[in-house]
Amino acid sequence: MSTARTGASRTAHAWTWTYEGYDPERERLREALCTLGNGYFATRGAASETSEGPSHRPGTYAAGCYNRLTSTVAGRRVENEDMVNLPDWLPLRYRVRVEGARPGPWLSPDGPELIEHGQTLDLRHGTLTRRSLYRAAGSGGGRLRVEQRRLVHMGEPHLAAQRTSFTAEGWTGEVEVEAALDGDVRNEGVERYADLANQHLTGWSTGTGPVTGTAAAAAADSGTGRSDTVWLCCRTLNSHVRIALAARTRVSGRGGTASPRNTAPRGGTAPRTETAPRPGTAPRTRLTDRRAVQILTIPVTSGETVVVDKTVALYTSRDPAISGPLTAATEAVRRAPDFPALLASHHRAWREIWPRAALDVPGEAGVILRLHLFHVLQTLSPHTADLDVGVPARGLHGEAYRGHVFWDELFVLPYLNLHFPEVSRALLGYRYRRLPAACRAARDAGRAGAMYPWQSGSDGREESQEFHLNPRSGRWLPDHSRLQHHVGSAVAYNVWQYAQASGDTSFLYGEGAEILIQVARFWADSAVWDPSLERYRVRGVVGPDEYHDAYPDSTAPGLDDNAYTNVTAAWVLTRARELSRALPPSRGQELFESLQLDPAEPERWDDIAHRVHVPYHGGVISQFEGYADLGELDWDRYRARYGDIRRLDRILEAEGDSVNRYKASKQADVLMLGHLFPPRELAGLFRQLGHRLDDESWRATIDYYLPRTSHGSTLSALVSAWVLARARRDEAWAYAEEALVGDVADIQGGTTAEGIHLGAMAGTLDFVQRCLTGLEARDDGLWLDPAPLPQLSKFRVGVRYRDHWDVDLRIRAQRVRVGVPQPAEDPVRVVLGDSESAVVPPGTARWLDLPGRDRRAGRDPGGGRVSRVRARRRR
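Definitions and cut-offs
- Residues numbered from 1 in each chain as written.
- Predicted model: local features only at pLDDT ≥ 70, side-chain atom pairs only at ≥ 80, totals over all residues.
- Heavy atoms only, no water.
- Core = buried A, V, L, I, M, F, W, Y, C linked by side-chain atoms within 4.5 Å.
- Buried < 20%, exposed > 50% of the residue type's maximum accessible area, 1.4 Å probe, protein only.
- Helix = DSSP H or I, 4+ residues; strand = E, 2+ residues; numbered from the N terminus.
- Contact = heavy atoms within 4.5 Å.
- Pairing = 2+ DSSP bridges.
- Axes fitted to C-alpha atoms, helices over the stretch in contact; angles between N-to-C directions.
- Parallel < 35°, antiparallel > 145°, perpendicular 65-115°, else oblique.
- Left-handed = near helix turned anticlockwise from the far one by under 90°.
- Nonpolar A, V, L, I, M, F, W, Y, C, P; charged D, E, K, R; others polar.

**Here we look at the nonpolar core**
- Grouped together as the largest cluster of nonpolar side chains are 207 residues, with contacts concentrated most on Trp-407 and Phe-767.
- In terms of residue count, helix 10 (residues 505–526) provides more of this core than any other element does, 11 residues in total.
- For Trp-407, the contacting residues outside a window of four places in its chain are Trp-454, His-486, Val-487, Ala-490, Pro-544, Tyr-564, Met-672 and Leu-715.
- With 23 residues, the next largest nonpolar core counts Leu-92, Val-98, Val-146 and Val-306 among its residues.

**Thoughts on the pairing of strand 9 (residues 114–122)**
- Where burial is concerned, most of strand 9 is hidden: eight out of the nine residues are buried.
- As judged from the five bridges shared by strand 2 (residues 16–20) and strand 9, these two strands associate in the antiparallel manner. Counterpart to Thr-16 in the pairing with strand 9 is Asp-122.
- Here strand 9 runs beside strand 10 (residues 127–135); their pairing, made up of eight bridges, is antiparallel. Bridge pairing in strand 10 links Gly-118 to Arg-131.
- Hairpin remark: strand 9 followed by strand 10, antiparallel, with four residues in the connecting loop; positive phi at Gly-126, about 70°.

**Digging into the packing of helix 6 (residues 409–417) against helix 21 (residues 758–771)**
- As a packed pair, helix 6 and helix 21 sit with axes 8 Å apart at the nearest point and diverge in direction by 45°. When the axes of helix 6 and helix 21 are compared, the pair comes out oblique. When the axes of helix 6 and helix 21 are compared, the crossing they make is left-handed. Contact residues: Phe-411, Val-412, Pro-414 and Tyr-415 in helix 6; Leu-758, Gly-759, Ala-762, Gly-763, Leu-765, Asp-766, Gln-769 and Arg-770 in helix 21.
- For the contact of helix 6 with helix 21, the class distribution of residues is seven nonpolar, three polar and two charged.

**Here we look at the sheet that holds strand 13 (residues 173–182)**
- Across the sheet, which stays open at both edges, the four strands sit in the order 8-13-20-19 with antiparallel pairing between neighbours. Each end of this open sheet is capped by a strand with a single partner; those strands are strand 8 (92–98) and strand 19 (284–287). Across the sheet, the axes of successive neighbouring strands diverge by a mean angle of 20°, strand direction being ignored.

Structure follows, in structure tokens:
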């Protein structure tokens, strides 16, 4: 085995993420973590030399592009909607021909010719660079050095490009290159879905050159005798989304340089410089119905570097202001500047984004946080503000969860609210436009208001699958996750939090009010009075835990009075009543009439919000009514037998048992309340419900549930770290560390390869931004109650608070610095620890002492260093 296959390792610097060596078993994980995107579409970091196989899952996904297919599962026909894997624009393979010899094999990292391999993700500039060294067949020891730089343009969201440089070492001959657009792709990125229908594309056609017939387009190809552009178009099978890609392939001269030529400016910009094709290297074309290939034969001499630039444009029929996707794609690729100019403008676009997303944490933890931020911004960029899309739980990085929208925006929007509020508003717009579908779902269930789906896709109907596969047992089991109606509360929570952070009352009084009120109506109609308890009850739901979806031996799915569901429902009802009172009179009348809202309804909301049932047992909050009657699990025995028991539900089902019988949770459920609400607000909610929740009882609840949680979700460690940071600081870092390395070390054993966990990544950013600072945007001020961990005691966060674009927060163990930029007109009111307040005028900064803090606490022994032992073990 060559050295490129041994000792494969990862290294990280402040702005780069590097893998050395080639490891086929980890390649799909690298593909996910090296994905490049711009909010409109993203492409996994797959090798361009190889097609799909056991070690490779290339994929390109456009935000919001879905299609439905019908499959036969467990003897039943079921329909699933998926985010579609679009035609692959990456393919570019190559081989060498030494003078006087036959062509060698096509080279790839999987072949025996590989000597060295590595790749680097540049976070600052949004590029992926892959480096390989191969033996050149027939050269008597000569080598071919290959370097490829790739980008998905952050400024021009429809463009992508890759530059591949070839350097001959010790031989003279030719490099033969085939660059292709491949439409023969399927959704095959998740092995569990292998038995399901996966062919989403149809109606392929291919061609060369421009399709507009304009004089300018014809002139672009003059003098070459051949077109340097090919295109491929197709459509989705049932949603009928038309997709078009166009690719331009050019070869540069020695060292990647050639004589420049000026082209006409576009959109009023300065003239661009393009690299002229190298003489005699215009591509030949081979077309089939699903594949458009450009073939180049490039003479090389020893020590010479030749460069192949492939520029691609992607459009769909979902795009506005185009005459058609094919015309738009061919025209865009014709007008695109050469690779150096594209790279420069791509760098400028990222330079404009990074200051708005300021988060500066020292040490290895800071590098991982920057990687998380990079992937959040690639999925939900400023371009997202122009799209009708939601928050895909696995990003645009893979096909797990079918690209669906869950409740993960609950962990994503709090970060975006304070940096890119226009993106948050657009994502809430996705929910508002699907409010009619949620209202129809509620009516179909016999309820009023809006019942948002647990899984959402194109049109807002429930997309949760009816059956799921247990890979351990091979059995398809009923899936009751659609009973997680708490997703509606998450949507309402996001509406309120966005308005508090942005001050956007036009949204709150408009679309936001409709969402809040309709979710409140659903909860009011779901609550049933129980005279024996003198409380309202909510029956037949599933909580965030997800393991428990029915009572033991019951044939009916659902549980009663899930504490998280009921408390958040009370919160929604309270906020809806407040909002209905706060609306301007004309808007209130208009809204009440359009929603046919009875004036008595808000009074009922208030009654339920004060008397909904929250079960208790042994002095702690019960996860749901009847939880106390479940059996205790022998956790030590299962850990000794299976090691990793994160997916305890699958283990027990394969044994013929059920997790419904035990006090065992997949992820934090009751503890989620401590993630959503700061201690003051959470105590107030319970006081409103007639319960006392003080520090002692909350700590008892934490101590009870943590050892009974398997942390089968990447969100669980995050939530646990969040609540422990306020309750037991010395225990919080272990969970924070796990949340940080969850994807980079793939601690769940293969799930990250199917797509990153966007909620967990954004949640770690928000953990630093809000949990460790105690930051709240409320009552026309910024409220801070910093509680930095010893391992994260020194960091900087820049936030956008209403009209203040860059409020600078610098946290130290004993002090906090608040800086307000000069362009702002108004000062910022800062409240520390619910007591001490200060006003920071524009153009100034103030250091404020943290009230009531032990000056010896918070010393930083590790500088945010993530345990290398833990990360290495999990890799």
